[in-house]
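Here's the letter readout for the chains.
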Amino acid sequence: MPSLWKRITFSVASALCIGSVVLLVVALSTERWVTGRILCKTGVEIVNASNPELDQFIGSIYYGLFQGGKTKRCGLGDRRSKIYIFPKLVRTLNGGLHMMVILFLLVAVGFALVSLSFCIYNARKVPYQSIKGHKGLYLWNFIAALFGALGVLCFLAAVRHHSLTERVANFRENLFVLIVLDDSLDWSFWLGVGSIATHFAVCGVVAMSRIKLPKPEIKKPEEPTVSAVDLLY
């Protein structure tokens with residue numbers, strides 16, 4: 001049976017693993033990986049809009065790994081539309097890179113669950129094999145963090161070097177050309193980064209579990225001493 005200190009630290013590590021899984025699942029399922037502003041270039045050219053009038057042609061866009069939305073302003077009022085990455089839009093993107101992002105994050109979820117199971121096991125039992133103990137936990141968390149980082153970096157490469165936002169904004173736009181004024185990584189992306197940091201925190205907690213706390217010393221009651229003088233009486 002593990003000591004109380006080890007049960008506490010591995011319980012904390014289990015909670016962190018659960019947090020990592022939750023962060024990745026929420027990141028995968030939400031639509032706020034990127035947000036930005038888009039300008040309707042065609043509308044500006046038609047009316048020959050000047051700087052004070054450009055605000056009337058600036059809309060917004062947001063999207064995640066599976067879907068998103070945009071608000072287009074081309075002089076006809078706000079026109080909102082939904083964006084679905086699959087099955088057609090992904091063909092116009094760097095589809096292999098986009099699929100790698102999703103695959104890497106799913107693998108990270110899998111190894112986070114493996115790490116969770118090992119944390120629970122170590123909180124209940126003392127492992128006889130090193131791969132089931134601290135070394136195994138370091139390995140699984142490192143692999144989970146590695147695949148999470150690969151997924152995040154691949155998405156970042158798609159946004160910065162493959163004009164992902166511009167391609168998403170102009171999908172199925174036959175009459176208007178949209179220009180991306182600016183785009184930024186939003187909270188869904190940072191949830192994925194937070195999941196990576198969580199695995200390093202798990203490794204730190206697992207390392208703390210190896211600290212041996214001093215055991216409280218129980219003082220024995222002192223035995224009464226009998227002197228020679230006491231024996232005379």
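What you see is a predicted model; the values in this text were computed from it and never measured.

Engineer: Describe the packing of aromatic side chains, naming the residues involved and giving the relevant values.
Structural biologist: Counted by the stated rule, this structure contains nine aromatic pairs. Between Phe-111 and Trp-140, the ring centres sit 6.2 Å apart and the planes meet at 25 degrees, which makes this aromatic pair stacked. Taken together, the positions of Phe-111 in helix H4 (residues 95-124) and Trp-140 in helix H5 (residues 134-161) put the pair 29 residues apart, joining distant regions of the chain. Lying across the ring of Tyr-62, Arg-32 places its NZ or CZ 4.0 Å from the centre.

Engineer: Talk me through the state of the cysteines; I want residue IDs and the actual numbers.
Structural biologist: Within this structure, the stated rule accounts for one disulfide. Put simply, Cys-40 and Cys-74 are joined by a disulfide, and their sulfur atoms are 2.1 Å apart. Between Cys-40 and Cys-74, the disulfide has an S-S torsion of 105 degrees and is therefore right-handed. Of this pair, Cys-40 sits in strand E1 (residues 34-40) while Cys-74 sits in the loop between strand E3 (67-73) and strand E4 (78-84); the two residues are 34 residues apart in sequence, bridging distant segments of the chain. For Cys-17, which is in no disulfide, the shortest distance to another cysteine sulfur is to Cys-119 and amounts to 4.1 Å. When its relative accessible area of 0% is taken as the criterion, Cys-119 is described as buried.

Engineer: Could you give an account of the packing of H4 against H5, naming the residues involved and the relevant values?
Structural biologist: Two numbers describe a pair of packed helices, the interaxial angle and the distance between the axes. Look at H4 against H5: their axes get within 8 Å of each other, and the N-to-C directions meet at 160 degrees. What the angle tells us is that H4 and H5 run roughly antiparallel. Between H4 and H5 lies a crossing whose hand is left-handed. Per-class residue counts for the contact of H4 with H5 are 21 nonpolar, five polar and no charged.

Engineer: Lay out the sheet that holds E1 with the relevant residues and their values.
Structural biologist: Hydrogen bonds between backbone groups are what pair the strands of a sheet, and the pairing can be parallel or antiparallel. Taken together, five strands build an open sheet; the order of strands is E4-E3-E2-E1-E5 and the sheet is antiparallel. Strand pairing shows two members of the sheet lacking a second neighbour, E4 and strand E5 (178-185), which therefore form its edges. The average angle at which neighbouring strand axes cross in this sheet is 20 degrees, direction not considered. Each of E1, strand E2 (58-63) and E5 is contacted by H5, which is oriented at about 150 degrees to E5, the strand it contacts most.

Engineer: Could you give an account of the packing of helix H3 (residues 85-92) against H4, with specific residues and numbers?
Structural biologist: Where H3 contacts H4, the two axes come as close as 8 Å, and the packing angle between them is 130 degrees. Relative to H4, the element H3 lies oblique. Contacts between H3 and H4 involve Ile-85, Phe-86 and Val-90 from the first element and Gly-95, His-98, Met-99 and Ile-102 from the second. Its residues assigned to classes, the contact of H3 with H4 comprises five nonpolar, two polar and no charged.

Engineer: Tell me about a positive patch on the surface, residues and numbers included.
Structural biologist: A cluster of basic residues, Lys-6, Lys-135, Arg-210 and Lys-212, forms a positive patch on the protein surface. Along the polypeptide, Lys-212 turns up in the loop between helix H7 (187-208) and helix H8 (228-232).

Thresholds, definitions, all that
- Residues numbered from 1 in each chain as written.
- Predicted model: local features only at pLDDT ≥ 70, side-chain atom pairs only at ≥ 80, totals over all residues.
- Heavy atoms only, no water.
- Phe/Tyr/Trp six-rings, centres within 6.5 Å; stacked < 30°, edge-to-face > 60°.
- Helix = DSSP H or I, 4+ residues; strand = E, 2+ residues; numbered from the N terminus.
- Lys NZ or Arg CZ within 6 Å of the ring centre and 35° of its normal.
- Disulfide = S-S within 2.5 Å.
- Buried < 20%, exposed > 50% of the residue type's maximum accessible area, 1.4 Å probe, protein only.
- Axes fitted to C-alpha atoms, helices over the stretch in contact; angles between N-to-C directions.
- Parallel < 35°, antiparallel > 145°, perpendicular 65-115°, else oblique.
- Left-handed = near helix turned anticlockwise from the far one by under 90°.
- Nonpolar A, V, L, I, M, F, W, Y, C, P; charged D, E, K, R; others polar.
- Pairing = 2+ DSSP bridges.
- Contact = heavy atoms within 4.5 Å.
- Patch = residues over 30% accessible without salt bridge, like charges linked within 9 Å, V, L, I, M, F, W, Y side chains within 5 Å.
- Areas by Shrake-Rupley, 256 points an atom, 1.4 Å probe, with all protein chains shown as cover.
- Salt bridge = Lys/Arg side-chain N within 4 Å of Asp/Glu carboxyl O.
- Lys, Arg positive; Asp, Glu negative; His and termini not counted.
- Charge placed at Lys NZ, Arg CZ, Asp CG, Glu CD.

Shape descriptors only; they carry no functional weight alone.
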